[in-house]
Amino acid sequence: MAIASRKLNRHLALHLNPTTPATHHRFSPYPAATSSSSSSLTTHHQEVKSLTELEKLHPLGQGSGGAVFKVRHKPTRAIYALKKISSAAETQEEEEVSIHRIASSSPHVVKFQGSFQTPNGDVSILMDYMESGSLSDHAKASYHDARLPEHAIADVARQILQGFTHLHANNIVHRDVKPANFLVNANEVKIADFGVSKRLPTRLARCDSYVGTAAYLSPERFDMAAHGSTYDGFAADVWSLGLVFLELYLGRYPLLEPGQKPDWPALMCAICFGEMPPKIPEEASEEFREFIGCCLEKDPCKRWTVQQLLGHRFIVPRPQEEEVKEIAR
Ligand code: ATP
Ligand code: MG
């Protein structure tokens, strides 16, 4: 399995749960050497002209791509999130900015509000602050054992799939789908983190970079060499989405036993040679099992597209089922 020396391979993370830094990093607002504006900026948001107008409040997260801070726009007191991407790291900051900007025209993507470049080449992305944090934070905080009921998973899946329909229609493959890269605000869930995403020249173009988070890679991405060294990025996103939806149901990463170490051999065994879909508790509905099976199909040619999944009966319940669910709520 050739994994070590591909472009951007520093973005291939093994971890399942990112950690929020315990200490507060010093925040140095530099004057913007360049700032780009988005056609989607509102009059209010256009007032953020430079990083010097932003006051750091506290860190929100730290990933392989950069550090994210909650910030306040001093003149208006508006709250945002600011992702600082270091050019010293092997990042693709310009691509992240341009993809996030395009993706942000969907209401199911965290709103991009602008970008700034400092004289040393570091790039910062200003975006809407998502008050409930990541989908994994939200599941732990709001549900017993971090397990969402099926109707809540269907609601989350509908929003995410609508966002992915927009991404895939624009030939954007996300490539790092995992619970930490979906953010929650009130009752909305939105797609975030385009740090290893790619805009492909055509719908048929294939990917060949070994990037993303190992635990959520599809079999053809995990062991690319055995699959012709390229993969369909759209189908690969769908696999990872299936794992995220199943994780919301189980309250844990679905492919390993509780407590099992997520190292390379264990993941390789589970992802490439394990039974798919994995065992789902008997109380799960038939439509949920079927839906997960359509995502976790090992053959990428047989895997459903996001558009097909949006029409699945788990996502589009028949009217009488909706009534029963309403009564059960
Ligand atoms: P990784 O490489 O680990 O996926 P990253 O460095 O690319 O991460 P992001 O995923 O963009 O960075 O952000 C890291 C974390 O910061 C998120 O998981 C989330 O907890 C927090 N975060 C990011 N953006 C926001 C936001 N707009 N509002 C609230 N929290 C955010
Ligand atoms: Mg992330």
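About the thresholds
- Residues numbered from 1 in each chain as written.
- Chains lettered and ligands numbered in written order.
- Predicted model: local features only at pLDDT ≥ 70, side-chain atom pairs only at ≥ 80, totals over all residues.
- Heavy atoms only, no water.
- Helix = DSSP H or I, 4+ residues; strand = E, 2+ residues; numbered from the N terminus.
- Buried < 20%, exposed > 50% of the residue type's maximum accessible area, 1.4 Å probe, protein only.
- Contact = heavy atoms within 4.5 Å.
- Areas by Shrake-Rupley, 256 points an atom, 1.4 Å probe, with all protein chains shown as cover.
- Near = heavy atom within 4 Å.
- Polar contact = N/O pair within 3.5 Å; in protein donor to acceptor, adjacent residues only side chain to side chain.
- Nonpolar A, V, L, I, M, F, W, Y, C, P; charged D, E, K, R; others polar.
- Domains from an automatic or database assignment.
- UniProt positions renumbered as here; feature names shortened; annotations may be inferred.
- Phe/Tyr/Trp six-rings, centres within 6.5 Å; stacked < 30°, edge-to-face > 60°.
- Lys NZ or Arg CZ within 6 Å of the ring centre and 35° of its normal.
- Donors = N, O, S within 2.8 Å, 3.2 Å for Na, K, Ca; no water.
- Axes fitted to C-alpha atoms, helices over the stretch in contact; angles between N-to-C directions.
- Parallel < 35°, antiparallel > 145°, perpendicular 65-115°, else oblique.
- Left-handed = near helix turned anticlockwise from the far one by under 90°.
- Expected span 1.5 Å × (residues − 1).

## Let's talk about the overall build of the protein
- The secondary structure content of the protein amounts to 9 helices and 12 strands.
- Taking all 329 residues of the protein together, 53% fall into the buried category.
- A sequence separation of at least 24 residues applies to 66% of the contacts in the protein between residues at least 6 apart.
- Of the roughly 14,900 Å² of accessible surface on the protein, 52% is carried by carbon and sulfur atoms.

## Points about the site of ligand 1
- Neighbouring residues of ligand 1: 20 residues in total, closest Ser64, Gly65, Lys83, Asp128 and Asp193.
- Contact between ligand 1 and Gly66: an oxygen atom at 3.1 Å from a main-chain N or O atom of the residue.
- One nitrogen or oxygen atom from the side chain of Lys178 is found 3.3 Å from an oxygen atom belonging to ligand 1.
- Grouping the constituent residues of the shell around ligand 1 by class yields 9 nonpolar, 6 polar and 5 charged.
- Two domains each donate at least three residues to the shell around ligand 1, and these are domain 1 (37-128) and domain 2 (132-328).

## Section: the UniProt feature "binding site: ATP" (unreviewed entry) in the protein
- As annotated by UniProt and renumbered to match this structure, "binding site: ATP" (unreviewed entry) occupies Lys83.
- Positionally, Lys83 belongs in strand 5 (residues 79-85).
- With relative accessibility at 8%, the residue Lys83 sits in the buried group.
- If sequence neighbours within four positions are ignored, Lys83 has contacts with Ala67, Val68, Glu96, Val123, Ser124, Ile125, Met127 and Asp193.
- Reaching out from Lys83, the side chain makes a polar contact with the side chain of Glu96 at a distance of 2.9 Å.

## Details of unusual backbone geometry
- Cis peptide bonds are those with omega within 30 degrees of zero, and the linkage from Met276 to Pro277 qualifies with -10 degrees.
- One can find Pro277 in the loop between helix 6 (264-273) and helix 7 (286-295).
- Even without being glycine, Ala186 reaches a positive phi, approximately 50 degrees.
- Unusually for a residue other than glycine, Asp193 sits at a positive phi of about 60 degrees.
- Along the polypeptide, Asp193 turns up in the loop between strand 10 (188-191) and strand 11 (198-199).

## Focus on the packing of aromatic side chains
- Applying the stated criterion across every chain, the model contains 7 aromatic pairs.
- Connected via pairs of aromatic rings, a cluster forms that spans Phe245, Tyr249, Phe288, Phe291 and Phe314.
- Its end group placed over the ring of Tyr249, Arg147 keeps NZ or CZ at 5.2 Å from the ring centre.
- Note that Arg203 overlies the ring of Phe234, its terminal NZ or CZ placed 3.7 Å from the centroid.

## Observations concerning the coordination of the magnesium ion (ligand 2)
- Taken together, Asn181 (OD1) and Asp193 (OD) make up the full set of protein donors to the magnesium ion (ligand 2), lying 2.1 Å away. Pair noted here: Asn181 is in the loop between strand 8 (172-173) and strand 9 (182-185) and Asp193 is in the loop between strand 10 and strand 11, with a separation of 12 residues, a long-range link.
- Residue classification places Asp193 among the partly exposed residues on the basis of a relative accessible area of 24%.

## Digging into the packing of helix 5 (residues 233-250) against helix 7
- Axis separation between helix 5 and helix 7 bottoms out at 8 Å; the angle between their running directions is 150 degrees. Considered as vectors, helix 5 and helix 7 are oriented roughly antiparallel to each other. From helix 5, Val238, Trp239, Gly242, Phe245, Leu246 and Tyr249 reach across to helix 7, where they touch Phe288, Phe291, Ile292 and Cys295.
- Looking at the contact of helix 5 with helix 7 residue by residue, the class counts come to 9 nonpolar, 1 polar and no charged.

## Notes on the packing of helix 3 (residues 150-169) against helix 5
- Across the interface, helix 3 lies against helix 5 with an axial gap of 10 Å and an inter-helix angle of 165 degrees. The angle between helix 3 and helix 5 places the two elements in the roughly antiparallel class. Crossing of helix 3 against helix 5: the hand is right-handed. Within the contact between the two elements, helix 3 uses Glu150, Ile153, Val156, Ala157, Ile160, Leu161, Phe164 and His168 and helix 5 uses Phe234, Asp237, Leu241, Phe245, Leu248 and Tyr249.
- Considering only residue class, the contact of helix 3 with helix 5 consists of 11 nonpolar, 1 polar and 2 charged.

## Regarding helix 3
- Helix length check: helix 3, at 20 residues, gives a terminal C-alpha distance of 27 Å against a target of 28 Å (1.5 Å per residue), a fit within 8%.
- Across the 20 residues of helix 3, 15 count as buried, placing the element largely inside the fold.
- Of the residues flanking the end of helix 3, it is Asn171, one or two places downstream, whose phi is positive at about 60 degrees.

## Quick look at the environment of Cys207
- Checked against the element boundaries, Cys207 lands in the loop between strand 11 and strand 12 (212-213).
- Cys207 sits in the buried class, given a relative accessible area of 2%.
- It is 5.9 Å that separates the C-alpha atoms of Cys207 and Gly233, two residues lying 26 residues apart in sequence.
- With residues up to four places along the chain from it excluded, the contact list for Cys207 reads Val173, Arg175, Leu200, Ser229, Thr230, Tyr231 and Gly233.

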